[in-house]
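Survey of secondary and tertiary structure
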Amino acid sequence: MTSLTRRRFVALAGTSLAAAPLFAPRAVGQAKPKVVVIGGGPGGATVARYVNKDSAGAAEVILIEPQKTFTTCFFSNLYVGGFRDFNSITHSYDKVEREGIKLVHEAAAAVDRDKREVVLAGGARLAYDRLAVAPGIDLKWDSVPGYSEAAAEAMPHAWKPGAQTQLLVRKLNALNDGDTIVMICPPNPYRCPPGPYERISMFAHVLKSKGHRQSKIVALDAKETFSKQALFMEGWEKHYPGVIEWQDPKMHGGIKGVDAKSGEVKTDLGTYKAALVNVIPAQMAGRIARDAGLVDASGYCPIHPESMKSKMDDRIFVVGDACIPGDMPKSAFSANSQAKVAAMTIRGELTGSRTFPARYSNTCWSLIAPDDDVKVGRTYEPGDGKLKAVTTFVSQKEEAPEVRRQNYKESLDWYAAITTDVFG
Ligand SMILES: Cc1cc2nc3c(=O)[nH]c(=O)nc-3n(C[C@H](O)[C@H](O)[C@H](O)COP(=O)(O)OP(=O)(O)OC[C@H]3O[C@@H](n4cnc5c(N)ncnc54)[C@H](O)[C@@H]3O)c2cc1C
């Protein structure tokens, strides 16, 4: 930004908000600043779209994403439960591209922070003025003894979307009455805190719909408590009595190992032979963020809560599941909310345009049974050096069916709105 532009901006900032332009025009002949985004999920694609839209062509935006289409993890549980088909949770980048964002369908292999370049898997280099990193999570395969990428072909995790979720659904639909399902639930912090328990609900719903009366679901948890626990427990008792057995670490004594060939899961206190084992391992930031030196000892990326800027590099922003989100959960809603703050800051830094104090929000809906949906939501602000919760609302036990039905309707509206916001 030239000093003239900065002075002009400061002068404008003193005028009324309505009179201030969102972006400052670029001087003729000046090269456009380059914004590179790694990862085309709810975090990365939102950064790309908002920088592109709000800088009105003043910045060049490049989105690096190896996949040609994006299947959402959010609402994948509704696909598991038979409430959505696979196509309805799969989105193309056509509209993003038509808006003028350059799509590079290749993986980013490295970030050269000294030269400010991203190295693509094919060896090409892309220079950046600002980089947004949003690769989501990687699974810690060895957090469950005996589990591996190969074992996931027999015992799906389905915690990254696409083929894994389809495999989980095929295995679920092939179960016979009397078969056992075992889920291994992950330790904190992981993507979508209520996700495993909504999935358990969807498993139970499918068993019930098929008239299976003898099957059981055993959930072996790494945690002593979980998100919306009282609401899930109440719903399970109401809709699926006697079907779901949830065990905390004191009850199972620890997971000793899984055997993908035999379908066995060993805990300190017993061995389960299951027809379907859903292993959700511990998680960490996606590899590119780790290799770029953006993570701390937790395996996730520390950020400044005012901007979503990396604490390791002030030209890099980290949004979504890869970051340390303070009080926020790792969710698509959070990723989208964080991305808008990052995009605003990037736009402000590169075009000298006005920015506003960071505000964030999240709501997570969970479907327990048809039309029985519970939710938890919060707003957040920078505070105590993190994204700090400010206000909270959560569903209550024994709510009227109409309230729960309304929650479900809200969740459908949210899905339509967020996928339009992310993918156009
Ligand atoms: C079962 C389940 C249910 C869920 N339900 C909900 C819900 O109801 N509501 C909600 O808000 N959230 C939900 N979530 C969580 C939500 O899916 C994630 O929090 C969200 O997808 C995170 O977005 P992200 O952009 O950070 O990462 P991702 O969505 O994982 O996107 C990351 C993208 O980066 C790309 N990428 C990775 N590495 C590279 C690289 N080196 N180069 C280029 N690209 C790369 C990947 O291909 C991917 O497309 C759920 C998750 C699960 C598993």
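Right, let's walk through the structure included here. (Residues numbered from 1 in each chain as written. Predicted model: local features only at pLDDT ≥ 70, side-chain atom pairs only at ≥ 80, totals over all residues. Heavy atoms only, no water.)

Things to note about the overall build of the protein
Within the protein, the secondary structure is distributed over 11 helices and 24 strands. Expected size for 424 residues packed as a compact globule is a radius of gyration near 22 Å; at 23 Å, the protein falls within 12% of this value. By its C-alpha atoms, the protein is 75 × 50 × 40 Å across when sized along the principal axes. When the 424 residues of the protein are sorted by exposure, 54% land in the buried category. Taking the contacts inside the protein whose residues are at least 6 apart along the sequence as the reference set, 66% of them involve residues at least 24 apart. Summed over all atoms, the accessible surface of the protein reaches about 18,000 Å², with 52% contributed by carbon and sulfur. (Helix = DSSP H or I, 4+ residues; strand = E, 2+ residues; numbered from the N terminus. Rg over C-alpha atoms; globule rule 2.2 N^0.38 Å. Buried < 20%, exposed > 50% of the residue type's maximum accessible area, 1.4 Å probe, protein only. Contact = heavy atoms within 4.5 Å. Areas by Shrake-Rupley, 256 points an atom, 1.4 Å probe, with all protein chains shown as cover.)

Notes on the packing of helix α2 (residues 42-54) against helix α11 (residues 401-423)
For the pair α2 and α11, the least separation of the axes is 7 Å and the interaxial angle reads 60°. Comparing the axis directions of α2 and α11 gives the class oblique. Contacts between α2 and α11 involve P42, A45, T46, R49 and Y50 from the former and T420, D421, V422 and F423 from the latter. In the contact of α2 with α11, the residues fall into 5 nonpolar, 2 polar and 2 charged. (Axes fitted to C-alpha atoms, helices over the stretch in contact; angles between N-to-C directions. Parallel < 35°, antiparallel > 145°, perpendicular 65-115°, else oblique. Nonpolar A, V, L, I, M, F, W, Y, C, P; charged D, E, K, R; others polar.)

Focus on the state of the cysteines
A complete count under the given rule lists 0 disulfides for this structure. Note on C73: no disulfide assigned, nearest cysteine sulfur contributed by C192 at a separation of 8.4 Å. With no disulfide partner, C185 has as its closest neighbouring cysteine sulfur the one in C192, 12 Å distant. (Disulfide = S-S within 2.5 Å.)

Points about α11
Since one α-helical turn is 3.6 residues long, residues separated by three or four positions face the same way. The first and last C-alpha atoms of α11 sit 33 Å apart over 23 residues, in line with the 33 Å expected at 1.5 Å per residue. Every buried residue of α11 is listed here: R404, N407, Y408, S411, W414, Y415, I418, T419, D421, V422 and F423. Phi for G424, located one or two positions after α11, is positive at around 90°. (Expected span 1.5 Å × (residues − 1).)

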